[in-house]
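Given next are the chains, with one letter for each unit.
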Amino acid sequence: MNDSIAVPGASAPAFATHPGYQRMFRADALTLGIYLPLRFYQGDMAVLQGQARLVEEIDRHGFAAVWVRDVPLFDPMFGDAGQLFDPFTYLAWLAARTQRVALATGSVVLPLRHPIDLAKAVASLDQLSGGRLVMGVASGDRPLEFPAYGVEHAARGERFATAMNEMRRWLQPGTHGRMTHAGAEQGVQLLPPTVSGRVPLVVTGGARQPLEWIGQHADGWLTYPEATHDNAGPQRLAAKIGAWRALIPDGGFRPHMTNEWIDLVDDPDHPRMPLRGGFTLRTGRKGLIDLLQAWQRAGVNHAALGIQFAERPAGEVLQELAEEVLPLFPSHPGPAPQVMDW
């Protein structure tokens, strides 16, 4: 068990100077992000050709965030290869090619990583991006990965809570994680420091934790959206968000996020239709706007849209989203990312 002092989650004032957080989140408002990859991998890396240029367009259009997933190993039985690139390596590459868009992980599998290595990667990326990193964290959903790492799949919940607490302690200025007292006296610390003193840690799903734990320890919550083709789904989502926010100790604002894979068709009036067992939504832009407005009323503060299953070209879909949808859900003004000549 984790025998160190727990570090609780924080509400919005703790991130007042954090460029990524401020761009994405406000109470009673919803912003838009884009999940990568933009095309589904089916054995050919060529589907990613030109993706970074489209991410530059996402940045110029003014989307709030780009999201990458963390899938260390491809399990053919699972089917979805995920992001393909290591999330920290790829976000560092994208940080160098973008200026304002927040960089989000959705989500890093904490039980498979050492907290010090995670904290080092997080702090480095936060510095290299000028403070744009928002870190989604998860307990993992692919059983094959755990024995490959020599980790018990059944222990992932406990390992998640321990890793999140220790990583956060190492990231805090003036703290020393689980160092002994003697080690702390010797000035052992993790470098580089983060840009604004704290990186948001967004818990994904249940992470094998009670809801009360998520209310106490998460800086935000990313959950699946429930059904997206009817009104009942957003209503269930609203109840879930309300139950979580009732458990936040200080009653302060902490953001909720959700996501959906969409096949945006060129007919703006096309109704919302579930595909792939409900894991993808085919819709025209009017149906998408209706869904986003329902999410906003439910208490969602950021919607991450994946277009890897869309039939239209990725650039065409992004252009329509930027012109017709994004103006209704604009990114927020806030502190500019720090520009450093590293």
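Above this note sits the structure.
To keep things clear, this report deals only with the structure shown in the data block. Please read these numbers as outputs of a predicted model, since none were measured by experiment. (Residues numbered from 1 in each chain as written. Predicted model: local features only at pLDDT ≥ 70, side-chain atom pairs only at ≥ 80, totals over all residues. Heavy atoms only, no water.)

Another aspect to go through is the nonpolar core. With 69 residues, the main nonpolar core has Leu-32, Leu-110, Met-135, Met-167, Val-203, Leu-292 and Leu-321 as its most contacted residues. Among the elements that line this core, the one with the most residues is helix H6 (residues 156–171), at 7 residues. Discounting chain neighbours no more than four positions away, the residues touching Met-135 are Phe-88, Thr-105, Val-108, Leu-110, Leu-118, Val-122, Met-167, Val-199, Pro-200, Leu-201 and Val-202. Counting 20 residues, the second largest nonpolar core, distinct from the first, contains Tyr-21, Ala-64, Trp-67 and Phe-309. (Core = buried A, V, L, I, M, F, W, Y, C linked by side-chain atoms within 4.5 Å. Buried < 20%, exposed > 50% of the residue type's maximum accessible area, 1.4 Å probe, protein only. Helix = DSSP H or I, 4+ residues; strand = E, 2+ residues; numbered from the N terminus. Contact = heavy atoms within 4.5 Å.)

With that settled, consider unusual backbone geometry. Geometrically, the link from Leu-36 to Pro-37 is a cis peptide bond, its omega value of 5° lying close to zero. Cis geometry is adopted by the peptide bond preceding Pro-192, which originates at Leu-191 and carries an omega value of 0°. Along the chain, Pro-192 turns up in the loop between helix H7 (181–185) and strand E5 (201–204). Even without glycine at this site, Asp-28 takes up a positive phi of about 65°. Inspection of the secondary structure puts Asp-28 in the loop between helix H1 (19–24) and strand E1 (31–35). A positive phi angle, close to 65°, is found at Glu-226, a residue other than glycine.

Before going further, it helps to spend a moment on the packing of helix H4 (residues 115–128) against H6. Across the interface, H4 lies against H6 with an axial gap of 8 Å and an inter-helix angle of 50°. Considered as vectors, H4 and H6 are oriented oblique to each other. Crossing geometry of H4 relative to H6 is assigned as right-handed. In this structure, H4 contributes Pro-115, Ile-116, Leu-118, Ala-119, Val-122 and Ala-123 to the contact, and H6 contributes Ala-163, Glu-166, Met-167, Trp-170 and Leu-171. Considering only residue class, the contact of H4 with H6 consists of 10 nonpolar, no polar and 1 charged. (Axes fitted to C-alpha atoms, helices over the stretch in contact; angles between N-to-C directions. Parallel < 35°, antiparallel > 145°, perpendicular 65-115°, else oblique. Left-handed = near helix turned anticlockwise from the far one by under 90°. Nonpolar A, V, L, I, M, F, W, Y, C, P; charged D, E, K, R; others polar.)

Right, let's get into the side chain of Glu-320. Structurally, the position occupied by Glu-320 is in helix H11 (residues 314–325). There is a polar contact of 3.1 Å between the side chain of Glu-320 and the side chain of Arg-285. Filtering out sequence-adjacent residues up to four positions away, Glu-320 remains in contact with Leu-264, Val-265, Arg-285, Arg-312 and Val-325. (Polar contact = N/O pair within 3.5 Å; in protein donor to acceptor, adjacent residues only side chain to side chain.)

The next thing to look at is the packing of helix H10 (residues 285–298) against H11. Interhelical geometry of H10 versus H11 gives an angle of 60° and a closest axis separation of 11 Å. Judged by the angle between their axes, H10 and H11 are oblique. Considering how the two elements wind past one another, H10 and H11 form a crossing that is right-handed. Of the residues in H11, those in contact with Arg-285, Leu-288, Ile-289 and Leu-292 of H10 are Glu-320, Leu-321, Glu-324 and Val-325.

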